[in-house]
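Chain residues, written in single-letter form:
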Amino acid sequence: MNTDPIADFLTRVRNASLAGHRVVEVPASNIKKEITKILFDQGFILSYKFEEGNNPQGTIKIALKYDKITKEPVIRRLERVSTPGLRQYVGAKDMPRVLNGLGIAIISTSAGVMTGKQAKAQNTGGEVLCYVH
């Protein structure tokens, strides 16, 4: 049994990206779907597809994105911030800047999962799930 499904999701995407895979499949959950949508909206992945499968919640197929010239992955680093043993919360005024604004922080707020910029614009704080750059 996996105790941290978000870390498992990030690790699968990170490993597939570094190995040069085009598609990665991960077990679905509501929070993973939200993180996948944010990654797509911010341009870190090409596309995604939610599929009903053998497991009750289904799977997410993610098409990874690579630089056309250098063939390097667009996702350089995925870093889990808040863990089940040590939750990291921030207020709207203390929202983290990732790579001086080039990366994103994914925040779980009372209004849903969103980027750090969106949370700051809505003046809401929350739990810092991960950094992507």
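Everything below is about the structure shown above.
These numbers come from a predicted model, not from an experiment.

Asks: Could you give an account of the sheet that holds strand E1 (residues 23–27), with specific residues and numbers?
Replies: The sheet built from three strands is open, its strands ordered E1-E3-E2 with antiparallel pairing. Where the open sheet ends on each side, the last strands, each with one partner, are E1 and strand E2 (45–51). Between one strand axis and the next, the sheet turns by 20° as a mean value, whatever way the strands run. Where E1 and strand E3 (residues 59–64) come together, five bridges link them in antiparallel fashion. The residue of E3 that forms the bridge with Val24 is Ile62. Relative to the sheet, helix H1 (residues 5–19) contacts E1 and E3, its axis offset from that of E1 by approximately 165°. Strands E1, E2 and E3 of the sheet are contacted by helix H2 (residues 30–41), whose axis makes an angle of about 155° with E2.

Asks: Could you give an account of H2, with specific residues and numbers?
Replies: Helix length check: H2, at twelve residues, gives a terminal C-alpha distance of 17 Å against a target of 16 Å (1.5 Å per residue), a fit within 8%. Among the residues of H2, those classed as buried are Lys32, Ile35, Thr36, Ile38 and Leu39. When H2 is viewed along its axis, its buried side chains cluster within an angular range of 160° and face the same direction. Facing away from the buried side of H2 by more than 90 degrees, the exposed set consists of Asn30 and Asp41. One or two steps after H2, the chain reaches Gly43, where phi turns positive at roughly 85°.

Asks: Could you give me a rundown of the packing of aromatic side chains, with the residues and numbers involved?
Replies: Applying the stated criterion across every chain yields a total of two aromatic pairs. Seen in terms of ring centroids, Phe40 and Tyr48 are 5.4 Å apart; in terms of plane orientation they differ by 75°. Their pairing is edge-to-face. Residue Tyr48 is classed as partly exposed on the basis of its relative accessible area, which comes to 28%. Relative to Phe50, the ring of Tyr48 has its centre 5.3 Å away and its plane inclined at 50°; by these criteria the two rings are tilted. Linked through ring pairs, Phe40, Tyr48 and Phe50 together constitute an aromatic cluster. Sitting over the face of the ring of Phe50, Lys33 holds its NZ or CZ atom 5.3 Å from the ring centroid.

Asks: How would you explain the layout of surface pockets if you had to name every residue and give the values?
Replies: By volume, the largest pocket amounts to about 240 Å³. Along its surface, the largest pocket is lined by 14 residues, and Pro96, Arg97, Val98, Gly116 and Lys117 are the ones closest to its centre. Mapped by element, the contributors of at least two residues to the lining of the largest pocket are strand E6 (104–109) and helix H3 (116–121). For the lining of the largest pocket, the element with the most residues is H3, which contributes three residues. Within the lining of the largest pocket, the residues separate by chemical class into five nonpolar, five polar and four charged.

Calculation notes
- Residues numbered from 1 in each chain as written.
- Predicted model: local features only at pLDDT ≥ 70, side-chain atom pairs only at ≥ 80, totals over all residues.
- Heavy atoms only, no water.
- Pairing = 2+ DSSP bridges.
- Helix = DSSP H or I, 4+ residues; strand = E, 2+ residues; numbered from the N terminus.
- Axes fitted to C-alpha atoms, helices over the stretch in contact; angles between N-to-C directions.
- Contact = heavy atoms within 4.5 Å.
- Expected span 1.5 Å × (residues − 1).
- Buried < 20%, exposed > 50% of the residue type's maximum accessible area, 1.4 Å probe, protein only.
- Arc of directions from axis to C-beta.
- Phe/Tyr/Trp six-rings, centres within 6.5 Å; stacked < 30°, edge-to-face > 60°.
- Lys NZ or Arg CZ within 6 Å of the ring centre and 35° of its normal.
- 1 Å grid on protein atoms, 1.4 Å probe; cavity = no way out; pocket = protein on both sides within 12 Å on 5 of 7 lines; lining within 4 Å.
- Points joined across faces, edges and corners; volume = space filled by probe spheres on them.
- Nonpolar A, V, L, I, M, F, W, Y, C, P; charged D, E, K, R; others polar.

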